[in-house]
Amino acid sequence: ASGRTPLMAGNWKMNLDHLAGTHLVQKLDWTLRDGKHDFAAVEVAVLPPFTDIRSVQTLIDGDRLQLKHGAQDLSAHDSGAYTGEVSGAFLAKLGCTYVVVGHSERREHHAEDDDVVNSKVQAAYRHGLTPIFCVGEPLEVRQAGTHVEHVLAQVEAGLAGVPAEQARSIVVAYEPVWAIGTGEVATPEDAQEVCAAVRTKFAELYSGDVADGIRVLYGGSVKSGNVAAIMGQEDVDGALVGGASIDPAEFAAICRYRD
Ligand code: PEP
């Protein structure tokens, strides 16, 4: 919407090893190119597990594919005694454009609070990665009707100390927790309400110019059958797609929502 290039990003979660991952990338690319997909008009990114990234990078670079790639998480630290963690510096060296930060599954299963998420947003910027910064309310907050306040508090906390020059490139993903992996999609109006509120928050925190430029994605049970209605909303600039992104035909159809 409004001159912003839509982004369709596929979060594979902990699915597809590097062999299956490279197969998926090839099939996705063939399907998109077969349909004459205009990658400049709708950007497409894959977000594989860490262990797949080198293989995916080699394929994308070697065949000059127009797909972008990124990671699902990064360490808040740059290097050192953090066993099991992966630095943004390493991801940058593997050609990653994007890194997901603050996914609800990280917040829930790995106790990532807003401070950790903020440190990771800052770490992403230190290494030239674009955060796909996830926010969203659990069911009980939605039922209490305080979802907008909840999400805006997450936005403000996640961006603490991030200057406008960095914030202007961010991708925010509004993902209501009750819609992730449940098959229960938010209505287009629900998505628009929160995505518009996020944009207004950026205008308050930074400027109207920054707010107009940032991309706000919706995520939560997006499929080829519901994506067009969601993308029809003024403040929705793409989708973060989980389950449907590991089926190349389905994800390609999502990317081609305009057809
Ligand atoms: C996600 O993992 O970010 C997501 C939105 O998952 P799903 O599309 O499966 O709901």
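Quantities reported herein were computed from a predicted structural model and do not represent experimental measurements. Residue numbers restart at each chain and count upward from 1, following the sequence in its written direction. Selection of residues for local features in this predicted model requires a pLDDT of at least 70, selection of side-chain atom pairs for listing and counting requires 80 or more, and totals for whole chains, interfaces and linings are taken over all residues.

1. Regarding the overall build of the protein chain
The following threshold applies: We count a stretch as a helix when DSSP gives it H or I for four or more residues in a row; a strand needs E for two or more, and each element gets its number in order from the N terminus. Here a residue counts as buried when 20 or more other C-beta atoms fall within 10 Å of its C-beta, as exposed when 12 or fewer do, and as partly exposed in between; the C-beta atoms come from the backbone. Residues are scored as being in contact if the C-beta atoms we place from backbone atoms lie within 7 Å.
What the protein chain contains, in helices and strands, is twelve helices and eight strands. With the principal axes as the frame, the protein chain shows a C-alpha extent of 50 × 45 × 35 Å. With 259 residues in all, the protein chain has 45% of them scored as buried. Considering only contacts within the protein chain whose residues lie at least 6 apart along the sequence, 73% involve residues at least 24 apart.

2. Digging into the sheet that holds strand E8 (residues 238–241)
Note the threshold: For two strands to be treated as a pair, DSSP must find at least two bridges joining them. Fitted lines through C-alpha atoms give the axes, limited to the stretch in contact for helices. The angle between two N-to-C directions lies from 0 to 180 degrees.
The strand order around the closed barrel built from eight strands is E1-E2-E3-E4-E5-E6-E7-E8, with neighbouring strands paired in parallel fashion. If you compare each strand with its neighbour and ignore which way they point, the axes differ by 25° on average. Relative to strand E4 (residues 98–101), strand E3 (residues 68–71) runs parallel, the two being bridged by two bridges. The residue bridging Ala-71 from the neighbouring strand is Val-99, located in E4.

3. Concerning the site of the ligand
To be explicit about the condition: Whether a residue is near a molecule or strand depends on its C-beta atom, generated from backbone atoms, being within 6 Å of that molecule or strand. Only Asp, Glu, Lys and Arg are considered charged, only Ala, Val, Leu, Ile, Met, Phe, Trp, Tyr, Cys and Pro nonpolar, and every remaining residue, Gly among them, polar.
In the vicinity of the ligand lie 14 residues, with Ile-180, Gly-181, Gly-219, Gly-242 and Gly-243 positioned nearest. Residue composition of the shell around the ligand, grouped by class: five nonpolar, seven polar and two charged.

4. Observations concerning helix H7 (residues 147–158)
Note the cut-off: Given the number of residues in a helix, its expected span is that number minus one, multiplied by 1.5 Å. The arc under discussion is defined with respect to the helix axis, by the directions toward the C-beta atoms.
In a regular helix each residue adds 1.5 Å, so twelve residues correspond to 16 Å; H7 covers 16 Å between its end C-alpha atoms and thus fits that length. Regarding H7, the residues found buried are His-147, Val-151, Gln-154, Val-155 and Gly-158. The buried residues of H7 occupy one face: seen down the axis, they fall within an arc of 100°. Residues of H7 that are buried sit in contact with helix H5 (114–126), strand E5 (130–135), helix H6 (139–144), strand E6 (171–174) and helix H9 (188–205).

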